[in-house]
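# A structural walkthrough
Chain residues, written in single-letter form:
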Amino acid sequence: MLYCRRTLGRVREKIKEVFNKDARTKTVTQPDGGRVTYAGIKWLAKRSKQFEKEFTRVGTAAIRTNISCHQSAALKTLCRDRYLGIVLESGTYNFDHIFVIRNPYGEAPLTALALFQTSEPCAVRVTVKGDHETEDYTSEVPPARLHRVPILALYAGRDNIVQLQLLDKNGGLLRERTILVPTKNLPSYLRDLIDIKKMSKDPAFKNILISGGLDINTCAFDRTGQIRYYLRRPVKGYGVFPLAGGRFYFMEKRVSCPTYTNPTAVQGHDMDYMGRVFKTYFSEKGIHHTVEEKTPGGNLLVGTGTMEGHTEDLVEEWDRETGRVVHSIRIDQILDDTYIDWVDWAHVNSAAYYKEDDSILISLRNIHSVVCVDYTSKKLRWILAPPDFWEGSGMVPFLLKPEGDVRWIYQQHAAFFLDREEGDDPHVRRMIVYDNHWAKRRKSEGFDGDTQSYVSFYVINEKEMTVRLDRSFGHRKARIRSNGLYCPEERRVYSMAGMYAKPFEEKYWGGIYEFDYDTGKCLTRLYVKPGFFRAYDFTPDAAKLAEPIQYDPKTQDYFCGNLQRPERMSDKEAEDIDFGRCTRKLLSGEDVFLEEDVLFVNGVDHDVHKIYLVGKKGVYRAIFDDTEQTMPKVFGDAYYHVCIWLDELPRDQYKLVLDIKGELQSTGKWIEKI
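Okay, so let's go over this structure. These figures come from a predicted structure and were not determined experimentally. (Residues numbered from 1 in each chain as written. Predicted model: local features only at pLDDT ≥ 70, side-chain atom pairs only at ≥ 80, totals over all residues. Heavy atoms only, no water.)

### Side note on the overall build of the protein
- Helix and strand content of the protein: 8 helices and 47 strands.
- In terms of overall size, the protein behaves like a compact globule, its C-alpha atoms giving a radius of gyration of 27 Å where 674 residues would be expected to give roughly 26 Å.
- When the backbone C-alpha atoms are referred to their principal axes, the protein occupies close to 80 × 75 × 45 Å.
- Taking all 674 residues of the protein together, 60% fall into the buried category.
- Sequence-distant contacts in the protein: of pairs separated by 6 or more residues, those separated by 24 or more amount to 61%.
- In the structure as shown, the protein presents an accessible area of about 28000 Å², 46% of it carried by carbon and sulfur atoms.
- Side chains of the protein give 97 positive and 97 negative charges; the mean places of these two sets differ by 8 Å. (Helix = DSSP H or I, 4+ residues; strand = E, 2+ residues; numbered from the N terminus. Rg over C-alpha atoms; globule rule 2.2 N^0.38 Å. Buried < 20%, exposed > 50% of the residue type's maximum accessible area, 1.4 Å probe, protein only. Contact = heavy atoms within 4.5 Å. Areas by Shrake-Rupley, 256 points an atom, 1.4 Å probe, with all protein chains shown as cover. Lys, Arg positive; Asp, Glu negative; His and termini not counted. Charge placed at Lys NZ, Arg CZ, Asp CG, Glu CD.)

Structure below.
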């Protein structure tokens, strides 16, 4: 639809009025004669707070305190989702008068939500117009009368032209409208991020999601390199991990626990691409590097650590609803002790379950090995690794024997089986792995010094215990991180090189390559300025995003998992500590705060030794100095929150006292459980 420039200009000015004053709404007549009511996120935040009491967890209501209380991400989601439902059901908005709110949940600035009713059920197709037709972003939501239409892949810093089409049951066009959706500018750290050197005429991935690393927020870009999606909330260096139904697991960057090396993520969320948080998970030992669903929509498999003198050497299965550990596999119990000589000796960086044969495939970076394990019995099936690396060990009988010339893996990442195809031998599996081909962390005599990294495809005969290299796609060396993806329909291979050994053109630390699987030809080559952990196809599920959240506070809990709870000290232990001689320390609302009944305390890695809750009836203590930092030059200056759960704390009045590097500090903060 063509717009009269003068009319369009007036519409833009009216829209700016509401987004410059986010706490209000404004109705604007569009060039097509229809109307749009625009709302700001401050307006929604203010009106949705009325539902906090309805959704706040029971334990929180039993706490009185002078500590700053922050609204949890899950509570914010539920309150806003409820109020948006009321707006939709009010009957105020129809296709001639649409309600639009940008970034309704406060997490994804380049998204919006359109609300309206129709007299009869119909589907809605929404298209965000690109600078060129190839950059149009189209999605569709199923038939309904009450429409919650997610709008994704908006451009930043402009008035986006968005086409809405009503469709009948056969997909025929009933009506259409074109509206404007304005957005704010990109933050500085996301500008000039992508340098496209070569782009396929028809790439398998139209939009690519990049995540993780140290200096980048999760974001997605189109085939021209323009950012079309990003998350405002900073993520842990491992990034987000896609889940079924268009959801993903998000690790909080600033909530961790001290370990022997890299502090691991204690708090994470089950989120969707609109920024809604469905559940928040806590893990006392923290998680790292990998989160995968055991089965679509099912339990979670996470990398964690035993913390028995070692880290990153354990895989746990969490119940999806409760976050409780229901199964675990210790790497030190499936391999011999040949290489258990470092704190981070194994370094799990991917773990994936396969129901068809009850197996789990685990990548162990620091011992150049991918292992296949019987999931239920925890018995080792085989190892893919350089044969000389395990020579003389008890693992030799489990090593796959090479067929032909096999390039072995070194410090690899992201090992996954490919789906079986019709006619495949039941004893044969095909595996994709990102072979960083780097041997600096642990030396290997057989390392060939190859200057490239590879996405490699191996064919493994589990009956004969053999392996052959089927195909391999090489490029510039990526020493850490990274993943490979295969698109069978298009027969394309993506190499997501997360961190180069040396920056390209002195500023680009990451790269993405698309190859033709059959010819090996590189079709796409681009560079990412700060580097990243992994990258994926950007595939939000619009139908799922359009569904309201179904949540019953009486039977469900959006906080779950395992988290340290303060334990009562004996009277003798408490008497030995002179709490009357504490140093007085003033703390801000960022140094210490509550999210419902979880207490967060900020500090530099390993500085927070203990948290004391000094009550009238007893003293309770949480301990954080049971590990020591073995890599202080790398991780010693990490700054994050540790946290404890107060749900089981007895009724009493407590003073908060911190042990910071052996010095007791009185905070002036108190908590009363009633």
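From this point, the discussion proceeds with the structure in view.
### With respect to the pairing of strand β25 (residues 380–384)
- Counted residue by residue, β25 has 4 buried out of 5 residues, so it is predominantly covered.
- Pairing of strand β24 (residues 369–374) with β25 involves 4 bridges; the strand directions are antiparallel. Residue pairing across strands places V373 opposite L380, the latter belonging to β25. (Pairing = 2+ DSSP bridges.)

### Concerning the sheet that holds strand β35 (residues 510–516)
- Reading across the sheet, the 5 strands line up as β10-β36-β35-β33-β32 and stay open at both edges, with antiparallel pairing between neighbours. Unpaired on one side and paired on the other, β10 (194–198) and β32 (483–487) mark the two borders of the sheet. Adjacent strand axes in the sheet meet at a mean angle of 15 degrees, parallel and antiparallel pairs treated alike.
- Sheet topology note: the β35/strand β36 (residues 522–528) ladder contains 6 bridges and is antiparallel. If you follow E514 over to β36, its bridge partner there is T524. (Axes fitted to C-alpha atoms, helices over the stretch in contact; angles between N-to-C directions.)

### Examining empty space enclosed by the protein
- Enumeration over the complete set of coordinates arrives at 2 cavities of 30 Å³ or more.
- Estimated volume of the largest cavity: approximately 50 Å³.
- Lining the largest cavity are M199, P203, F205, K206, N207, I208, F221, D222, R223, Y494, T524 and L526.
- For the lining of the largest cavity, the per-class residue count stands at 7 nonpolar, 2 polar and 3 charged.
- Lining the second largest cavity are P258, V601, N602, G603, V604, D605, H606, D607, V608, Y640 and V642.
- Mapped onto the lining of the second largest cavity, the elements with two or more residues apiece are β42 (598–604) and β45 (639–645).
- It is β42 that provides the largest number of residues to the lining of the second largest cavity, a total of 4 residues. (1 Å grid on protein atoms, 1.4 Å probe; cavity = no way out; pocket = protein on both sides within 12 Å on 5 of 7 lines; lining within 4 Å. Points joined across faces, edges and corners; volume = space filled by probe spheres on them. Nonpolar A, V, L, I, M, F, W, Y, C, P; charged D, E, K, R; others polar.)

### As for the pattern of salt bridges
- In total, this model carries 45 salt bridges according to the counting rule given.
- The shortest N-O distance in the salt bridge between E107 and K76 comes to 2.8 Å. Placement of E107 in the loop between β5 (97–102) and β6 (112–128) and of K76 in helix α5 (residues 73–89) is noted, with a sequence separation of 31 residues between them.
- Look at E107 and you get buried, because its relative accessible area is 1%.
- Take K76: its relative accessible area is 11%, and that puts it in the buried class.
- D96 is the partner of R175 in a salt bridge, and the nearest nitrogen-oxygen pair spans 2.7 Å. (Salt bridge = Lys/Arg side-chain N within 4 Å of Asp/Glu carboxyl O.)

### Concerning the sheet that holds strand β30 (residues 466–476)
- Across the sheet, which stays open at both edges, the 5 strands sit in the order β26-β30-β29-β28-β27 with mixed pairing between neighbours. Of all strands in the sheet, those with a lone pairing partner are β26 (401–402) and β27 (413–417), marking the two edges.

### Comments concerning the environment of T92
- Here T92 is to be found in the loop between α5 and β5.
- Taking the C-alpha atoms as reference points, T92 and L115, separated by 23 residues in sequence, lie 9.8 Å from one another.
- Reaching out from T92, the side chain makes a polar contact with the side chain of S90 at a distance of 3.0 Å. (Polar contact = N/O pair within 3.5 Å; in protein donor to acceptor, adjacent residues only side chain to side chain.)

### Examining the nonpolar core
- Counting residues in hydrophobic clusters, the biggest one holds 115 residues, and the most contacted among them are I210 and I512.
- Each residue touching I512, except ones within four places of it in the same chain, is listed here: I208, I210, F221, Y494, S495, M496, T524, R525, L526, V528, F532 and A535.
- Among the nonpolar cores identified, the runner-up in size contains 41 residues, and A352, L361, F417 and V493 belong to it. (Core = buried A, V, L, I, M, F, W, Y, C linked by side-chain atoms within 4.5 Å.)

### With respect to the layout of surface pockets
- Taken as a whole, the largest pocket holds about 1400 Å³ of empty space.
- In terms of lining residues, the largest pocket is bounded by 41 residues, among which P242, E292, F416, D419 and L485 are the most central.
- For the lining of the largest pocket, the secondary-structure elements that each account for two or more residues are β14 (235–242), β18 (277–293), β22 (348–354), β27, β28 (428–435), β32 and β37 (534–537).
- If you tally residues by element for the lining of the largest pocket, the top one is β32, at 5 residues.
- Grouping the constituent residues of the lining of the largest pocket by class yields 21 nonpolar, 5 polar and 15 charged.
- Its volume calculated, the second largest pocket comes out at about 1100 Å³.
- For the second largest pocket, the lining is made up of 35 residues, of which L214, N262, R481, V634 and F635 are closest to its centre.
- Listing elements by their share of the lining of the second largest pocket, those giving two or more residues are β14, β31 (478–480), α8 (632–635) and β45.
- In terms of residue class, the lining of the second largest pocket is built from 13 nonpolar, 11 polar and 11 charged.

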